[in-house]
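Structure assessment
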Amino acid sequence: MSVDRAARAREFLELHRPGAPLLMANAWDLGSARLLVAAGFKALATTSSGLAASLGRLDYGISREDALAHAAGLCDGVDVPVSADLEDCYPEEPGGIAETVALARKAGLAGCSIEDWDPAAERIRPIEDAAERVATAATAAHDGDVRLVLTARAENYLHDRPDPDDTIARLLAYQDAGADVLYAPGLDTTEELRALLDAVGLPVNVLIRASTPAVPELAALGVARVSVGGAFAFTAYAAAVRAGRELLQQGTHEYTADSAEGVRLVREAFATDA
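To keep things clear, this report deals only with the structure shown in the data block. All figures in this text were calculated on a predicted structure; none of them were measured in a lab.

Here we come to the sheet that holds strand E4 (residues 111-115). Strand pairs in the sheet, formed through backbone hydrogen bonds, run parallel or antiparallel to each other. Taken in spatial order, the eight strands close into a barrel running E1-E2-E3-E4-E7-E8-E9-E10, and their pairing is parallel. Averaged over all pairs of adjacent strands, the angle between their axes in this sheet comes to 25°, without regard to strand direction. As judged from the three bridges shared by strand E9 (residues 204-207) and strand E10 (residues 225-227), these two strands associate in the parallel manner. Looking at E10, one finds that Asn205 is bridged to Arg225. Packed onto the sheet, helix H1 (residues 5-14) meets strand E1 (22-27), strand E3 (82-85), E4, strand E7 (149-153) and E10 and runs at close to 45° relative to E7.

Under the defined criterion, the tally for this structure stands at three aromatic pairs. Consider the rings of Trp28 and Tyr237, whose centres lie 6.5 Å apart with planes at 65°: the pair is edge-to-face. With Trp28 in the loop between E1 and helix H2 (30-39) and Tyr237 in helix H10 (residues 231-250), the pair connects residues that are 209 residues apart, well separated along the chain. Relative to Tyr237, the ring of Phe234 has its centre 5.8 Å away and its plane inclined at 75°; by these criteria the two rings are edge-to-face. With Phe234 and Tyr237 both in helix H10, this residue pair falls three residues apart, about one helical turn. Within the aromatic cluster, the residues linked to one another by ring pairs are Trp28, Phe234 and Tyr237.

The rules behind each value
Residues numbered from 1 in each chain as written. Predicted model: local features only at pLDDT ≥ 70, side-chain atom pairs only at ≥ 80, totals over all residues. Heavy atoms only, no water. Pairing = 2+ DSSP bridges. Helix = DSSP H or I, 4+ residues; strand = E, 2+ residues; numbered from the N terminus. Axes fitted to C-alpha atoms, helices over the stretch in contact; angles between N-to-C directions. Contact = heavy atoms within 4.5 Å. Phe/Tyr/Trp six-rings, centres within 6.5 Å; stacked < 30°, edge-to-face > 60°.

Worth remembering: the numbers are spatial, not functional.
Shown next as structure tokens:
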């Protein structure tokens, strides 16, 4: 697939429209990526938790090599922009954050993310340290032949620190450090989102959870991007286990109706390979 990667990265950023948010699906393998594009999604992201599960591991159980090989496979296999969940950008690997972002560009990505959770120490990094790391990632993302879209993530809400003031302060620091998109997964009440959107000047991504307002309300607030994290992957895994338990425990096979629909969708999405 011959692609103008610089144009694709520009397209990806242009899809972030406050009030008309980009709905971005997170794929966990090439098959799911192609199915989601066939369903109508205009951009994809990877999911670290979904990828880890596909390899039989828990979240934060994948290496930089795993993450980038997976991302490159998606970029080669779909014709929409792809952004990668690169966790904390693997600072312990050779070359650290800057090398991780350079490798993300080489993989064909349109964007990538960096978060302020330190999985090794199991803590949220101090704001000054986190902002310096965003600045390093931003320089690497913006200085190459393809200007990658850098998403900076404040992880407070995913780690039992539901502090909107600190989260907004962090995102403002990451904005000043050069990020292109801001993201605080788990911060999703109408009041908190309104305060965040009033405070920052960059596109904001919101993670869809059970408690999140519906997309029309997010659009009315001015959200520019909506993503699903590992939810689609874990929905698929749950469906497989439900089907297995039905067969094991009840001896019935009502799941075959869903499997027939899956076969139809796969045949339609993958017909171009025939």
